[in-house]
Amino acid sequence: MNFDFDLFVIGGGSGGVRAARLASGEAGAKVALAEEDRMGGTCVIRGCVPKKLMVFASGYPGQIEDARAFGWRQARAGRFDWDHFHERLVAELDRLEGLYRQTLKKAGVTVFDQRARLADPHTVELADGRRFTARHILIATGGRPFKPAMPGAEHALTSNDVFHLERLPETMLIVGGGYIACEFACIMNGLGVKVTQIYRGAQILRGFDGEARGHVAELIRTRGVDLHVGTDILEIHENGGNFRVKTTGAGSGEYDQVLFATGRLPNSDDLGLENVGIETGRRGEIPVDEYGQTAVPSIFAVGDVTDRINLTPVAIREAAAFVETVFHGRPTKADHEMVASAVFTQPELGTVGMGEEEARERGAIEVYSNSFRAMHTGFAGREERALMKLIVCAESRRVLGCHIVCDQAGEMIQLAAVALKMGATKEDFDRTMAVHPTMAEELVTMKTPVRTA
Ligand code: NDP
């Protein structure tokens, strides 16, 4: 059977663009890609990239304060100019979107700037009614923020909106305790917004190492975020431009803005899945096997729409594995073990492998942990402590987990992740010479376990 395309990709985010580029540019396939919004998806347009730029912007007041202790006596942060930053942010996102489009063009991918749905296992229908057949179809539609249902939920922002506020609010309530809630609590706090954060559970950052979670929570509070755990939001009322919020405990009051950072859902609605017989999971995720193949052999899915590990680099690896499998005839699974990540709070949390609680469940462990005042922090007169922690398997001596809380922890954990991925033992860490004076040297100088379990 002749098809219009070898591959039709639905979704122009990190996963979709990578798959299209590799299949077309490297494997020589005839590829089309449909994207209804901007090219680049969540990461580039409304996620990692603009978020990280805001992280940078929000870090300067703290650095300027430290600078005074280091002799820059006249240094003053002054007021943050949101309009200036926003104008530059928009220009940067435009530039990056342009690069994504250029990459696709160079690779010979046919781009349709509109929504696409599945009509049958080999046919895609565009919003304008045109239909194209394809030997393979890849769904890479990502995810979207989820707002819990409650009176007044429509007044709350999501992470999609935060990058395009007309002006910075003076006060903000942030609901949630995950990556996005904690990152924006720190960003907004750093930019001078008075931030209240509420989280329904006992401690923020569920799923991370317990000690690291506690450490981050304490430092977030020290830096000025009014964080309340064990507290949920009940309703929001508009009140002359402000929002009156009722919660189950602390945090009730008036805010200029309310941000829901209460998780994300896979973008699988209205994709025509019913036309091909794909049934989604409980959260709307598209079930796939280890190769990204759905229940329909010609249709694959990668990235957040499959709701496995919802991180950009994971989607990119899944896309590359899909192209290897389907277009190079080399069955390849994306490796989901030991995936490192960073929460860009201030300070950051970098993590790879198991937390202490999870590791303890699986067998005997040794815990090496040290919290200390870093050189620059001490000199600046701040009490803030860094945390370095290793979880070691008592039997194999392998380092099962590494958790770092300090400035630049995201950069550090990337390198520690290589060692853990290679199966490094505690003795490998011990025989590695320290780089002095750094914070990370602590990872290779912790001699005695603080506890065994
Ligand atoms: P998370 O799943 O990390 O956190 C969601 C938070 O919202 C949790 O604290 C959760 O509480 C809470 N929550 C969920 N439902 C409700 C509800 N009905 N009422 C009140 N609270 C609720 O999601 P995020 O939105 O923060 O991020 C989504 C994903 O995006 C992350 O998991 C991560 O994979 C990715 N991401 C990665 C980043 C990075 O690498 N730096 C940055 C941002 C996002 P509970 O814990 O009790 O369930």
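Each remark here, short or long, concerns the structure printed above.
This one's a predicted model, so the numbers in the text were calculated from it and none came from an experiment.

### Thoughts on helix α6 (residues 179-190)
- Counted at 1.5 Å a residue, the expected span for α6 with its twelve residues is 16 Å, and the 17 Å between its end C-alpha atoms agrees.
- Buried residues dominate α6, accounting for ten of its twelve residues.
- Restricting attention to buried positions, one finds in α6 the residues A181, C182, E183, F184, A185, C186, I187, M188, N189 and G190.
- One or two residues past the end of α6 sits G192, with phi positive at roughly 105°.

### Side note on the environment of D83
- Tracing the backbone through its elements, the reader meets D83 in helix α4 (residues 82-106).
- Along the primary structure D83 and E170 are separated by 87 residues, whereas in three dimensions their C-alpha atoms are 15 Å apart.

### Thoughts on the site of the ligand
- The environment of the ligand is formed by 21 residues, the closest being G177, I180, Y199, R206 and A342.
- The contact in question runs from an oxygen atom of the ligand to an N or O atom on the side chain of R206, over 2.8 Å.
- In the complex, the protein chains occlude 77% of the 910 Å² of accessible area that the ligand would expose alone.
- For the shell around the ligand, a count of residues per class yields nine nonpolar, six polar and six charged.

### Remarks on the state of the cysteines
- A full pass over the atoms with the stated rule returns zero disulfides.
- Unpaired in terms of disulfides, C186 finds its nearest cysteine sulfur in C182, a separation of 7.1 Å.
- With a relative accessible area of 4%, C186 lands in the buried category.
- Looking at C393, it has no disulfide partner, and the nearest cysteine sulfur is the one in C402, 16 Å off.
- In this structure C393 comes out as buried when scored by relative accessible area, which is 17%.

### Remarks on the side chain of R213
- Residue position: R213 is located in helix α7 (residues 210-222).
- The buried charged residue R213 lacks any salt bridge, with E357 as its nearest oppositely charged partner at 6.4 Å.
- Only 2.8 Å separates the side chain of R213 from the backbone oxygen of I204, close enough to count as a polar contact.

### A closer look at the pattern of salt bridges
- Tallying each qualifying case throughout the model produces 36 salt bridges.
- The partner of K426 in a salt bridge is D430, and the shortest N-O contact between them spans 2.6 Å. Of this pair, K426 and D430 both sit in helix α13 (residues 426-430), separated by four residues, roughly a single helical turn.
- Because the salt bridges share partners, they merge into one network encompassing D209, E211, E356, R360, K389 and R451.

Parameters and conventions
- Positions within a chain are numbered from 1, following the residues in the order the chain's sequence is written.
- Confidence filtering applies because this is a predicted model: local features only for residues at pLDDT of at least 70, side-chain atom pairs given and counted only at 80 or more, and all residues used for totals across whole chains, interfaces and linings.
- The side-chain quantities take in all heavy atoms of the structure and omit both hydrogens and water.
- Note on conventions: DSSP H or I runs of at least 4 residues are helices, E runs of at least 2 residues are strands, and numbering of each starts at the N terminus.
- An expected span of 1.5 Å times one less than the residue number is assigned to each helix.
- Only protein chains enter the accessibility calculation, which uses a 1.4 Å probe; a residue whose area is less than 20% of its type maximum is buried, one above 50% is exposed, and one in between is partly exposed.
- We define proximity as follows: a residue is near a molecule or strand when any one of its heavy atoms falls within 4 Å of that partner.
- Here a polar contact is taken to be a pair of N or O atoms separated by no more than 3.5 Å, where protein atoms must pair a possible hydrogen donor with a possible acceptor and residues adjacent in sequence count only if both atoms sit in side chains.
- Computed by Shrake-Rupley with a 1.4 Å probe, the accessible areas treat only the displayed protein chains as cover when residues are assessed.
- Side-chain classes follow a simple rule in which Ala, Val, Leu, Ile, Met, Phe, Trp, Tyr, Cys and Pro form the nonpolar group, Asp, Glu, Lys and Arg form the charged group, and the remainder, Gly included, forms the polar group.
- Disulfide: a pair of cysteine sulfur atoms within 2.5 Å of each other.
- Think of it this way: Lys and Arg go in the positive column, Asp and Glu in the negative one, and His and the chain ends go nowhere.
- The term salt bridge refers to a side-chain nitrogen of Lys or Arg lying within 4 Å of a carboxyl oxygen of Asp or Glu.

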